[in-house]
Amino acid sequence: MAHHFEPLTNDLILRTARGEDVERAPIWIMRQAGRYLPEYHEAKGHHDFFECCRSPEIASTLTLQPIDRFDGLIDASIIFSDILVVPQALGMVVEMVDKKGPHFPHPLKSPHDGQYSKVLHKDVDVEAELHYVYEAITLTRKKLKGRVPLIGFCGAPWTLFCYMVEGGGTKLFVESKKWIYRHPEESKALLQKIAEVCVEYLAFQVRAGAQMIQVFDSWAGELSPSAFKVFSEPYLAYISKHLPKKLAEMGLVIVPMIVFPKGANFALDSICNLGYDIVGLDWQLDPAEAVKIRGNRKIVFQGNADPGVLYGTHKSITETVTEMVEGFGGGKKGWIANLGHGVTPFVKPDDLKFYLSEVRRLTSS
């Protein structure tokens, strides 16, 4: 099923992802489409969060909102969706509770609770189960008319595993740690299952029109260095190794791959060897230090300002961007500007606009 889209008029982020010299640093922002925008609430209306994800029209509208608002200041769009559509495809019920966040009424309690076996052995029709995401991607590409590339994404196996066993967000990760330290082999089997579904999911996103992909390992930093090597790294590596193979089998162009293992700065050296083109960095690592660790490897970095700086003065934003630009080497190669995590609640759109403008100003000179 081939789609015909208008040619790109801004391919800056793709050229940067390929390691080319560029005229300035490209920039996009994690959670750039979301509740900090007044127009988000207007478009969302009475629909709940997952209803918005399942409606290609609403999802595409929300995806384009920051592109329209910050016209010319953002170099990529990212499809409006959620990492937890994968557990839903695996047969688990996930609800989005207002002012609380995601909730699994029936999380995985143990390898013996019956649901574990069902999830592990489910023959997931990834194309059918998540068709609405692909439809939203195709519709968004058509609406974009080549203005900027579109990024698809999934959650990393470890992060999805945490949600599936915790039943939602957590600060203690009690259940996750029980699983990996009491049931390590069963945990690995589930992580592998999730990784296999993620490969298919990302491949179908590319077929639908995604021009880059990102793997979000939001809870990577909850693992110790040794546990990260066992319960996260192998499954991130599985995706980076098998997605290009899957795309080739489907007759599709291989797209740049981003990995964002938040909090796992202790593992940056090995993460640079996982096979991804781009490594996203959180705000707790100095850019210059990251560049030293990278050495001469052809890895592009992405990030990494503290999202909290957007609550500050314009002077503070300028200082943060200046330090970031200098640390990453000026912005003419090897760096995609972003925040060190997603836009947080109560950020004023005009302050984000100033941040975007400063990145452009300070990397264009």
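Further up the page is the structure itself.
Conventions used here
- Residues numbered from 1 in each chain as written.
- Predicted model: local features only at pLDDT ≥ 70, side-chain atom pairs only at ≥ 80, totals over all residues.
- Heavy atoms only, no water.
- Helix = DSSP H or I, 4+ residues; strand = E, 2+ residues; numbered from the N terminus.
- Rg over C-alpha atoms; globule rule 2.2 N^0.38 Å.
- Contact = heavy atoms within 4.5 Å.
- Lys, Arg positive; Asp, Glu negative; His and termini not counted.
- Charge placed at Lys NZ, Arg CZ, Asp CG, Glu CD.
- Buried < 20%, exposed > 50% of the residue type's maximum accessible area, 1.4 Å probe, protein only.
- Disulfide = S-S within 2.5 Å.
- Expected span 1.5 Å × (residues − 1).
- Patch = residues over 30% accessible without salt bridge, like charges linked within 9 Å, V, L, I, M, F, W, Y side chains within 5 Å.
- Areas by Shrake-Rupley, 256 points an atom, 1.4 Å probe, with all protein chains shown as cover.
- Salt bridge = Lys/Arg side-chain N within 4 Å of Asp/Glu carboxyl O.
- Pairing = 2+ DSSP bridges.
- Right-handed = clockwise from strand over helix to strand, strands pointing away.
- Phe/Tyr/Trp six-rings, centres within 6.5 Å; stacked < 30°, edge-to-face > 60°.

A. Examining the overall build of the protein chain more closely. The helix and strand tally for the protein chain stands at 17 helices and 9 strands. The C-alpha atoms of the protein chain give 19 Å as radius of gyration, which agrees with the globular expectation for 365 residues (21 Å, within 12%). When its C-alpha atoms are laid out on the principal axes, the protein chain stretches across 60 × 45 × 40 Å. Summarising the internal contacts of the protein chain: among those between residues at least 6 apart in sequence, 74% fall at separations of at least 24. The protein chain carries 41 positive and 44 negative side-chain charges, and their two centres are separated by 1 Å.

B. Broad picture of unusual backbone geometry. Going from glycine 303 to asparagine 304, the amide bond is cis rather than trans, its omega being -5°. In this fold, asparagine 304 is placed in strand E8 (residues 300-305). One non-glycine residue, arginine 31, adopts positive backbone phi at about 60°. Its place among the elements puts arginine 31 in the loop between helix H1 (12-17) and helix H2 (38-44). A positive phi angle is found at lysine 145, which is not glycine, with a value near 55°. Looking at where lysine 145 falls in the secondary structure, it is placed in the loop between helix H8 (131-144) and strand E4 (150-155). The class for lysine 145 is exposed, based on a relative accessible area of 51%.

C. Focus on the state of the cysteines. By the definition in use, this model includes 0 disulfides. Among the cysteines around cysteine 272, which has no disulfide bond, cysteine 154 carries the closest sulfur, lying 19 Å off. Residue classification places cysteine 272 among the buried positions, given a relative accessible area of 5%.

D. Inspection of helix H17 (residues 349-364) at higher detail. The end-to-end C-alpha distance of H17, which contains 16 residues, comes to 22 Å, matching closely the 22 Å that a straight helix rising 1.5 Å per residue would cover. Within H17, the full set of buried residues consists of Pro349, Asp351, Leu352, Tyr355, Leu356, Glu358, Val359 and Thr363. Buried residues in H17 make contact with H2, helix H4 (56-69), E8, helix H16 (314-327) and strand E9 (335-339).

E. Representation of the side chain of arginine 15 in the model. One can find arginine 15 in helix H1. For arginine 15, a relative accessible area of 17% translates into the label buried. Those residues in contact with arginine 15 that lie beyond four places of it in its chain are Glu20, Asp21, Val22 and Glu23.

F. Expanded view of a negative patch on the surface. Together, Asp286, Glu289, Glu323 and Glu326 make up a region of like negative charge exposed at the surface. Relative to the assigned elements, aspartate 286 resides in the loop between strand E7 (278-280) and helix H15 (287-294).

G. The pairing of E8, seen in detail. Within E8, 6 of the 6 residues are buried, leaving the element largely enclosed by the surrounding structure. Bridge count for E7 against E8 is 3 bridges, and the pairing is parallel. Bridging across to E8, valine 279 finds its partner in phenylalanine 301. What joins E7 to E8 is H15, and the crossover it makes is right-handed. Of the strand pairs in this sheet, E8 and E9 are connected by 5 bridges, and their pairing is parallel. Pairing of phenylalanine 301 across the sheet is with tryptophan 335, part of E9.

H. Expanded view of the packing of aromatic side chains. Across all of its chains, the model carries 15 aromatic pairs by this definition. When the centroid spacing of 5.5 Å and the interplanar angle of 40° are considered together, the rings of tyrosine 116 and tryptophan 179 count as tilted. Taken together, the positions of tyrosine 116 in helix H6 (residues 115-121) and tryptophan 179 in helix H10 (residues 174-182) put the pair 63 residues apart, joining distant regions of the chain. Comparing tyrosine 116 with tryptophan 179 shows no difference in burial state: the two are buried. Where tryptophan 158 meets phenylalanine 161, the ring centres are 5.6 Å apart and the plane angle is 20°; that geometry is what we call stacked. Residue tryptophan 158 and its partner phenylalanine 161 are located together in helix H9 (residues 157-166), separated by 3 residues, close to a single helical turn.

I. Layout of the sheet that holds E8. Taken together, the 7 strands give an open sheet; going across it, the order is E1-E4-E5-E6-E7-E8-E9, and neighbouring strands pair in parallel fashion. The two strands at the open ends of the sheet, each matched to only one other strand, are strand E1 (77-78) and E9. In terms of strand pairing, strand E6 (residues 257-261) meets E7 through 2 bridges, oriented parallel. Of the residues in E7, the one forming a bridge with isoleucine 258 is isoleucine 278.

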